[in-house]
Amino acid sequence: MSRNRLMLVLGLLVAVSMVLAACGPKDLSKIPGRVAGKGGYLDQIVFSVVSSDSAVTQLKAGAIDVYADGLAAADLPSIQQAGLKYAAYNGLYYDIMLNPAKFNNGVLNPFSDRKIREAMNWLVDRNYINQEIYAGGALAKWFAIGTQGPDYADLADTARALEAKYAYNLDKATQVVSDEMTSLGAAKDANGHWAVNGQAITLIFLIRPDSDGTRKPIGDYVAGQLEKVGFVVDREYKKSSEASPIWIGTDPADGKWNLYTAAWSSTVISRDDKGQFQQMYLNTSIQGIQPFLSNVADPAFQKVGDDLANANFTTLDQRRQMMIQAMTLSLQDSLQVWLIDGKNFAPYNNNVQVTSDLAAGIEGAQIWPMTLKFTDKDGGTLKWGEPDLFTEPWNPLGGSNWAWDQAAIRGTESGATMNDPFTGLVWPLFLDHATVIATTGLPIGKTLSWVDLKFQDKISVPSDAVVDWDAKAQKFITNGEKNPNGTTAKIESIAVYPSNLFNTVTWHDGSKLSAADFVMGMIMVFDRANKDSAIYDDAAVPNFQSFMSTFKGFRITSTSPLTIEWYSDAFVQDAELDVTTMWPGPVAGNSYAYGEGAWDVVALSNMAEADGKLAYSSDKAAAKSIEQTSYVGGPSLAILAADLDTMIANKTVPYAATLSKYITPAQAVERYTNLKNWYTAHGHFWIGTGPYYLDKAFLTEKTLTLSNYGRYTDPSSKWAQFGEPKLAAVAIDGPASVKIGDTATFNVAVTFKGAPYAASDIKMVKYLVYDATNTVVAVGEATFVSDGKYTVTLTADQTKTLAAGANKLEIAVVPLAVAVPTFADANFVTAP
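It should be emphasised that the depicted structure is a prediction, and the values quoted were computed from it without experimental measurement. (Residues numbered from 1 in each chain as written. Predicted model: local features only at pLDDT ≥ 70, side-chain atom pairs only at ≥ 80, totals over all residues. Heavy atoms only, no water.)

Peer 1: For this particular structure, what's the right way to read the overall build of the protein chain?
Peer 2: Broken down by element type, the protein chain carries 25 helices and 38 strands. Taken against the 2.2 N^0.38 rule, which gives 28 Å for 832 residues, the C-alpha radius of gyration of the protein chain at 27 Å falls within 12% of a compact globule. Taken along the three principal axes of its C-alpha coordinates, the protein chain extends 90 × 70 × 70 Å. Each of the 832 residues in the protein chain was classed as buried or not, and the buried ones make up 62%. In the protein chain, of all internal contacts separated by at least 6 residues, the share reaching a separation of at least 24 is 73%. Accessible area of the protein chain: about 28500 Å², with a carbon and sulfur share of 50%. Each charge sign in the protein chain was given a centre, from 67 positive and 87 negative side chains, and these centres are 2 Å apart. (Helix = DSSP H or I, 4+ residues; strand = E, 2+ residues; numbered from the N terminus. Rg over C-alpha atoms; globule rule 2.2 N^0.38 Å. Buried < 20%, exposed > 50% of the residue type's maximum accessible area, 1.4 Å probe, protein only. Contact = heavy atoms within 4.5 Å. Areas by Shrake-Rupley, 256 points an atom, 1.4 Å probe, with all protein chains shown as cover. Lys, Arg positive; Asp, Glu negative; His and termini not counted. Charge placed at Lys NZ, Arg CZ, Asp CG, Glu CD.)

Peer 1: I keep staring at the pattern of salt bridges and nothing clicks. Help me out?
Peer 2: Side chains that differ in charge, positive against negative, can pair when their charged atoms come close. The full count for this structure, using the stated rule, is 33 salt bridges. A salt bridge links E810 to R160; the shortest N-O distance between them is 2.4 Å. Linking E810 in strand 37 (residues 805-815) with R160 in helix 6 (residues 156-165), this pair joins segments that are 650 residues apart in sequence. Accessibility classification places E810 together with R160 in one group, the buried group. For D611, the salt bridge is made with K613, and the minimal N-O distance between the two is 4.0 Å. We classify K613 as partly exposed; its relative accessible area is 34%. Three or more residues joined by partner-sharing salt bridges are found here, namely D151, D272, K274 and R319. (Salt bridge = Lys/Arg side-chain N within 4 Å of Asp/Glu carboxyl O.)

Peer 1: What am I meant to see in unusual backbone geometry here?
Peer 2: Peptide bonds are trans in most cases, and residues, glycine excluded, mostly fall at negative phi. In the segment running from S560 into P561, the intervening peptide bond is cis, with an omega of 0°. As for its position among the elements, P561 is in the loop between strand 23 (551-559) and strand 24 (562-568). Phi is positive for A311, which is not a glycine, with a value near 55°. Looking at the element boundaries, A311 is found in the loop between helix 12 (299-309) and helix 13 (316-333). At M582, a residue that is not glycine, the phi angle is positive and equals roughly 65°. With respect to the element layout, M582 can be found in the loop between strand 24 and helix 20 (599-610). Judged by relative accessible area, M582 falls into the buried class, the value being 0%.

Peer 1: Explanation requested: helix 18 (residues 515-527) in the structure shown.
Peer 2: Helical periodicity: at 3.6 residues per turn, an α-helix aligns residues three or four positions apart in one direction. Across its 13 residues, helix 18 extends 18 Å between first and last C-alpha, which sits within 8% of the 18 Å expected from 1.5 Å per residue. Among the 13 residues in helix 18, 13 count as buried, and that is most of the element. (Expected span 1.5 Å × (residues − 1).)

Peer 1: What am I meant to see in the side chain of S591 here?
Peer 2: On the secondary structure map, S591 appears in the loop between strand 24 and helix 20. According to the relative accessible area criterion, S591 is buried, its value standing at 8%.

Peer 1: Before we go on, may I ask you to explain the packing of aromatic side chains in this structure?
Peer 2: The description of two aromatic rings rests on the distance between their centres and on the angle between their planes. In total, this model carries 42 aromatic pairs according to the counting rule given. Look at W247 and Y260: their rings are 4.7 Å apart centre to centre, the planes differ by 20°, and that puts the pair in the stacked class. Of this pair, W247 sits in helix 9 (residues 240-247) while Y260 sits in strand 11 (residues 259-265), placing them 13 residues apart in sequence. Residues W247 and Y260 agree in their burial class; the two are buried. Ring centres 5.5 Å apart and planes at 70° place the aromatic pair F526 and F544 in the edge-to-face group. Placement of F526 in helix 18 and of F544 in helix 19 (residues 541-548) is noted, with a sequence separation of 18 residues between them. Each member of the pair, F526 as well as F544, carries the same accessibility label: buried. (Phe/Tyr/Trp six-rings, centres within 6.5 Å; stacked < 30°, edge-to-face > 60°.)

Peer 1: Before we go on, may I ask you to explain the pairing of strand 28 (residues 703-708) in this structure?
Peer 2: If a strand is regular, its side chains alternate between the two faces of the sheet. Across the 6 residues that make up strand 28, a large majority, 5, are buried. Judged from the 5 bridges that link them, strand 2 (residues 44-49) and strand 28 form a sheet pairing that is antiparallel. Bridging across to strand 28, S48 finds its partner in T703. Strand direction decides the pairing type here: strand 27 (residues 692-698) and strand 28, joined by 6 bridges, are antiparallel. Looking across to strand 28, one finds that Y693 is bridged to S707. Where strand 27 folds back on strand 28, the antiparallel hairpin that results is connected by 4 residues, among which K702 adopts a positive phi of roughly 55°. (Pairing = 2+ DSSP bridges.)

Peer 1: Could you clarify how one ought to interpret helix 15 (residues 403-411) in this entry?
Peer 2: Of all 9 residues in helix 15, 9 are buried; the element is thus mostly enclosed. Within helix 15, burial applies to A403, W404, D405, Q406, A407, A408, I409, R410 and G411.

Peer 1: Looking at this model, I keep getting lost on the sheet that holds strand 38 (residues 822-831). Mind explaining?
Peer 2: The strand order across the open sheet formed by 5 strands is 30-38-37-33-34, and the pairing between neighbours is mixed. Bordering the open sheet on either side are strand 30 (737-739) and strand 34 (776-781), each of which pairs with just one other strand. Ignoring strand direction, the axes of neighbouring strands in this sheet form an average angle of 25°. Note: strand 30 against strand 38, 3 bridges, orientation parallel. Residue S737 lies in a different strand from strand 38, and its bridge partner there is V829. Each of strand 33 (762-770), strand 34, strand 37 and strand 38 touches helix 6; the most contacted strand, strand 33, lies at about 35° to it. (Axes fitted to C-alpha atoms, helices over the stretch in contact; angles between N-to-C directions.)

Peer 1: Is there a simple way to explain the environment of I523 in this structure?
Peer 2: Note on placement: I523 falls in helix 18. Taking C-alpha positions, I523 is 9.5 Å from D468, a pair spaced 55 residues apart along the chain.

Peer 1: Got a minute to help me understand the side chain of N295 in this structure?
Peer 2: Tracing the sequence through the fold places N295 in the loop between helix 11 (290-293) and helix 12. When residues no more than four places from it in sequence are discounted, the contact partners of N295 are P100, R117, Y281, N283, D333 and L335.

Peer 1: Teacher, can you tell me more about the packing of helix 20 against helix 24 (residues 665-682) here?
Peer 2: The description of two packed helices rests on the angle between their axes and on the distance between the axes. Their axes nearest at 9 Å, the elements helix 20 and helix 24 cross at an angle of 85°. The angle between helix 20 and helix 24 places the two elements in the roughly perpendicular class. Of the residues in helix 24, those in contact with W599, D600, V601, A603 and L604 of helix 20 are A668, R671, Y672 and L675. Residue classes in the contact of helix 20 with helix 24 are distributed as 7 nonpolar, no polar and 2 charged. (Parallel < 35°, antiparallel > 145°, perpendicular 65-115°, else oblique. Nonpolar A, V, L, I, M, F, W, Y, C, P; charged D, E, K, R; others polar.)

Written out as structure tokens, the structure is:
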């Protein structure tokens, strides 16, 4: 699959005064078209399904203009031969997801045994997969953290040692599997297959033949390796829309699957991967999907994974030691067996221009709607290809997280901040400025001028800050009510919006953004996870529990300009990323992980859920045998349309005990009427605040059209400053042979387009020395000489530790201008 890696998007908001509700147009069939110099550059973007193996052909023929999902490294020659442009990115990674549950049908699931899962690392040859399937253009991957990320560069010595320990070793894998299967009561039958009571164990392997064309050969290879150690493998080739209802939509204990060829894509450059262990292994994962919820991890791994995610450390050294522990324990757990960190290439025609994210490419980049255009004409209709569409229903609380669906959704969104496509930091989009106050001594710094960073010895949470929710009374609970003795927080962020925010930003149905939209997002954080709520959902509880473990409160101190204070014990090292904006969309600070949420649309789907007609999550929908909420198609639409008429007739103010402070019955009717007009014109309930709106969606045909939203206020050129990422090139020059006991000096050149890379733009130049057994024997930082020039000198004592034979010097350069390190190595021989 190509499923987005999620960021935690939970939060709360309370307001202290009324704001005007929205008014909007009555005829939504006449939305103004593109305004030159404003919003997106295009008139329309038409999404359709295109197979990866025909993408280059269709681009050359003009049938599509962009294939945004990207192709594997093996396809790069065909892209280049066709003379196409392409965006190169590192954010797609491949693995095998294992079902960790004990089956309730009496069948033995070998992967419920942690040691068998661990043995999968010895069973697969990652280098073989890279060479044979990815033409050597990818990187072998063992860890959830990015192999081309800052954390990996810092922890390279630990990573390399563990990679050597878990390198391909079929004999070791065979022995571990044999020992464990025997202990589980299995034995080999006459055919050499593992069996229980004479019945061969058959592994159900969901293999994806679609997407970029690499998943099927990966699956076939892994299946073959499993057969070598005595398993019967049922290779079930299924498209994403066929596999998803099985591995996501069923209880793992039901035994419908054993393995799945998974893949995950980044939506931002990760500058801090400490949360990856919780997210990608543990039952507290913010993914909230069944394989994670079913994983019973080693208690030590559970603790360190949760502690890292919740920033339960005070120094970088503590964090580093915890990361080392988590990396080690993650390989022992191996709920997911990581295989490849992909280098992917999204091809597009020569008359197309777009800013690509170094991790997310085009498809996953927040910036693409603001920068995509034709170079040879104004406006126009661009044809966008994806391997699939509408894999799961669209709703902002439990809907589709598939990369292709989110690519289209991203075109309909804006936000408080914009992800920097090269560094992973953020810039103000609709936010004005912010302040972060951190407890003295915390390892937090800042880079950009729009954030002010301060430190103080103690941060007290105000008594009127919201800290919880009473689902019966439908009111917030303040810190003073819940914690009369007071509480403290590690950090406080203060986000300040422009004073004209609520007059300039509108939803696509013409309704103005309001404080009620922020408040509803906060209510949804608490209400879905509260058993006293009419919309309670078990699936929302793990995320909520994780959120509450660090959340300390928030409040609004002004609505003009909107000013939000947020208190938390969770933090990352960049102050820019510690700002909680609470924008009603998929950003930190609210409950909408899968799209923007207008309060009136969420109120509408809440009514259907409370009545037992629909459910946001696939888990609840399956458990209740009801439809999963979809704002864009299927049976949900008729249910929502009927409920909308009821809400108009009743002048419904949702969560009236709280939201009546911000919404009058007349204002509610006005919003609902705008929404009804929208539904009449467009046939769906999906609205956002972005530069494009979802005009039409055809779920059966798997096509959709995004049209330019003429009321978007930002200038088209706002993000034009992002040119070419400043990726470092590294060259090493040194002796080919070193006498043991002598010193040896290596010169390192760091450049960008042939020019020296300024030291002010480099965070670290690190070196590692490997002996003939590929063991790391020395680690250090290179010596700065001048811009672009460094040296590494191995001392006589260091070379004395090397035996006669081949050795390797590896250099890792971590720039500041981009958040993608560059690795290079040089071989040398030691002799007496």
